[in-house]
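Given next are the chains, with one letter for each unit.
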Amino acid sequence: MFKRLIALLLACVLMTGALWALAEPEGIAIDGESASGDIDTVIDAGGLALSIGDLSTDLPLANDGEDELPPTELSIMKSSTKNVILGVDYQIKVPGKTIKRCKSSNKKIATVTDKGLIHTIKAGEVRITITLKKGNDIKLKLKVIDPTVPTAVAINEGARGILVLGETKLLTATVSPDTAPQAVTWTSSNTVVASVDEGGLVTALTPGLATISAVTGNKLKAEFTVKVRRNAAGRYMISHAMGGIDGYDYPNCLEAFLENYEEGHRFFEVDMELTSDDRTVLWHGWNRQFCSKYKKGRIPTYAEFMGSRIYDEYTPMDLEALLKLMAQYPDVYIITDSKHSSSTTVKKQFKDIVSTAKLLGIPEVLDRFIVEFYTKDMYRVIDGIHHFREYMFSLYKLLGKAPSKSRLQDLASFCKKKGVNTIAMYAKWWNPKYTGYVKSYGIDLALYTVNDPDEAQKYFDEGVNALFTDFLPPLD
C-alpha cells in the first residue's frame, strides 16, 4: 500500500509538472516563487519528506502496508511461567541452545513459529512447548495480559483496621496493571456500622464489624474489615437497672438515671416487665418488691405501678417516660433486658417500643437501643419487628453454666453472621481464654454484674469490653 501511495504521488507530480511545463515553459512556480533549471520536486506526505531523486527500490517498507515493531526478546533457560502483554510479539531465546521447533497449546490465545516467534492474540493462558536440537524440551507457560483490563485490586491500607465511633478513614485502592482503569466502586457490607463514600472515605457509625469493598469494573474485589469501637480502649461501663441509688440496686427509676448520668454514665440497662393489664413498665421482675404497698410476687396493674413510688421514694417509669428521656439526652444508649424470651411477650414488648417511639414523633431514638436477646429465635422475632442498629446476645437464660469453647464459638459465629457486636454472661462464668476464642469473630464480651473496682480492672485487663455495674463510676 505504501508503494502504491508513493507511485500515485509521483504520477500526480509528473502530470502536474507536465501541465506546468505547457503553461510556463520558462520555469515552475513553487510556493509563489519561480524556479528554472533542474527540477527537484519535494513530496510532503503527512510529515514524511521524500525527494523524487531519493526514491529507490531499497526503501524499507512494512509487510502488508503496516509498520511493525520488532518482537520483544523472551530469554529463558528452563520451564517457567511468564507474563506477557497482549498485542506485543515475543521472540523466544534460549541462550547457548538452538530451537528446533515450537508448539502452542491454544492458537486462539497465542501462535508460535518453529523459530520461536510468538504472536499474542487474546488474553488468557497458553503453554508453549520448545523443542531444542539438543537437550530436553522446555515448557513455557504464558499468561497473556490485556493491559486495559484489571487483573487484581488491592486496598493500600491493608486488610483490617479499628475505628472509634465518629472517626473517619480514607481508603485507597490500586488496580493492576497500572495501564488498566484505576476507578473502583466502594461498598460497605454493614452500613449501620460503617459507611463509605464514592471516594473511599469510611465513617464509623455504630460498634461492630463491617467489610469495606473496592470493586473494579470487571468485578474484581479487595476487602478491608473495619471494627468500630465506642472508644480507643474498646471498654465501657453499663449502669445496671439505671444504676444504683442511695445503696439500692435494681431501681429502674428516674432519679437513678439522673444521678448516674451526672456521674458520667452514658450506657443504661433497663429491665422491662408487663403489668397485669399488659402494659410495659421498667422493673426487674415481680418477684422483687417494688414498694411496701404491694407484696413481692403480686403483679400490679399499670395504674397501680405508676401510682406508686419505687422503694417508696423514687419515680417509676414506663416506655413513654424512657423514650422521652432518650430524646432529652441524645448521648444516652439503652440496653434492654426484657426478662422474657417467649415469642408472645417479646413481640408485645418490642412492638410497644417501636409504636410508642413513632407515636411520640421520635423514632430516631430507636437507633440508640442495644437490644439484649437470649436465644437465636428471640433475635429473629425482634429483628422481624424492627431492625435495631445494635444487639447483645445475653447467655443467662440460654445456658445453665459457663460455655465451652465450641459452644462460645458457635454463638460468636452466629453473632458475626447477624452483625451482633457483643456476647454477655455472668462474671462468675468468666474464663480469660474466652477472649481468644472469639477474637477472630470480632465479637466483644460483656460481664454482669461487677461492683468491685479491682475485680473490674482484672476483667478489663483480660480482654473484657464492657461491665454491668450498680455502683462503679464510668471509665475515664
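Our subject is the structure listed above.
As the structure is a computational prediction, the values presented were derived from the model and not from experiment.

### Details of the nonpolar core
Judged by nonpolar contacts, the single largest core of 92 residues is most densely connected at F369 and I423. If sequence neighbours within four positions are ignored, I423 has contacts with F393, L395, L408, L411, A412, C415, I443, D444, L445 and A446.

### Quick word on helix α2 (residues 254-263)
Residues of α2 that are buried: A256, F257, N260 and Y261. Taken down its axis, α2 places every buried residue within 125 degrees of arc, on the same side. Of the surrounding secondary structure, the elements contacted by the buried residues of α2 are β22 (236-239), β23 (267-274) and α4 (319-328). At the exit of α2 stands G264, carrying a positive phi of roughly 120 degrees.

### Section: the packing of helix α6 (residues 376-385) against helix α7 (residues 405-418)
The interhelical angle for the contact between α6 and α7, taken along N-to-C directions, is 15 degrees, at an axis separation of 12 Å. With respect to each other, α6 and α7 are oriented roughly parallel. Crossing angle aside, the handedness with which α6 passes α7 is right-handed. Along its contact with α6, which presents K376, Y379 and R380, the element α7 presents D410, L411, F414 and K418. For the contact of α6 with α7, a count of residues per class yields 3 nonpolar, no polar and 4 charged.

### So, the environment of P473
As for its placement among the helices and strands, P473 is situated in the segment after β30 (466-469). Overall, the relative accessible area of 44% leaves P473 in the partly exposed class. For the pair P473 and I238, spaced 235 residues apart in the sequence, the C-alpha separation amounts to 9.6 Å. Setting aside anything within four residues of it in sequence, one finds P473 in contact with M237, E263 and H265.

### A look at the sheet that holds strand β8 (residues 99-104)
Strand pairing in a sheet relies on backbone hydrogen bonds, with the paired strands running either antiparallel or parallel. Read across the open sheet, the 4 strands follow the order β6-β12-β11-β8; overall the sheet is mixed. The open sheet has two edge strands with one neighbour each: β6 (80-85) and β8. Between one strand axis and the next, the sheet turns through 25 degrees on average, direction left out of account.

### Side note on the packing of aromatic side chains
Both the distance between ring centres and the angle between the ring planes are used here to describe each pair of aromatic rings. Per the stated rule, a full pass over the model turns up 32 aromatic pairs. For the ring pair Y261 and Y329, a centre distance of 4.7 Å and an interplane angle of 65 degrees mean the geometry is edge-to-face. Taken together, the residues Y261 in helix α2 and Y329 in the loop between α4 and β25 (333-337) connect sequence positions 68 residues apart. Look at Y448 and F468: their rings are 5.4 Å apart centre to centre, the planes differ by 80 degrees, and that puts the pair in the edge-to-face class. Taken together, the residues span a long stretch of sequence, with Y448 in strand β29 (residues 444-448) and F468 in strand β30 at a distance of 20 residues. Here the aromatic residues Y248, W283, W286, F290, Y294, F305, Y311 and Y314 are joined through ring pairs into a cluster of three or more. One cation-aromatic arrangement involves R266 over Y261; the distance from NZ or CZ to the ring centre is 3.7 Å. Positioned above the aromatic ring of Y374 is the side chain of K397, whose terminal nitrogen or guanidinium carbon lies 5.9 Å from the ring centre.

### Re the pattern of salt bridges
All chains considered together, the criterion is met by 16 salt bridges. For R389, the salt bridge is made with D367, and the minimal N-O distance between the two is 3.9 Å. Linking R389 in the loop between α6 and β27 (390-394) with D367 in the loop between α5 (343-359) and β26 (369-373), this pair joins segments that are 22 residues apart in sequence. A relative accessible area of 24% means that R389 is categorised as partly exposed. For D367, a relative accessible area of 35% translates into the label partly exposed. Close ionic contact of D377 with R380 constitutes a salt bridge, the shortest N to O distance being 2.9 Å. Placement of the pair is D377 and R380 together in helix α6, with a separation of 3 residues, close to one helical turn.

### A word on the environment of Q91
By secondary structure assignment, the location of Q91 is in strand β7 (residues 89-93). Along the primary structure Q91 and T72 are separated by 19 residues, whereas in three dimensions their C-alpha atoms are 5.9 Å apart. Engagement of the side chain of Q91 in a polar contact is seen with the backbone oxygen of K115, the distance being 2.8 Å.

About the thresholds
Residues numbered from 1 in each chain as written. Predicted model: local features only at pLDDT ≥ 70, side-chain atom pairs only at ≥ 80, totals over all residues. Heavy atoms only, no water. Core = buried A, V, L, I, M, F, W, Y, C linked by side-chain atoms within 4.5 Å. Buried < 20%, exposed > 50% of the residue type's maximum accessible area, 1.4 Å probe, protein only. Contact = heavy atoms within 4.5 Å. Helix = DSSP H or I, 4+ residues; strand = E, 2+ residues; numbered from the N terminus. Arc of directions from axis to C-beta. Axes fitted to C-alpha atoms, helices over the stretch in contact; angles between N-to-C directions. Parallel < 35°, antiparallel > 145°, perpendicular 65-115°, else oblique. Left-handed = near helix turned anticlockwise from the far one by under 90°. Nonpolar A, V, L, I, M, F, W, Y, C, P; charged D, E, K, R; others polar. Pairing = 2+ DSSP bridges. Phe/Tyr/Trp six-rings, centres within 6.5 Å; stacked < 30°, edge-to-face > 60°. Lys NZ or Arg CZ within 6 Å of the ring centre and 35° of its normal. Salt bridge = Lys/Arg side-chain N within 4 Å of Asp/Glu carboxyl O. Polar contact = N/O pair within 3.5 Å; in protein donor to acceptor, adjacent residues only side chain to side chain.

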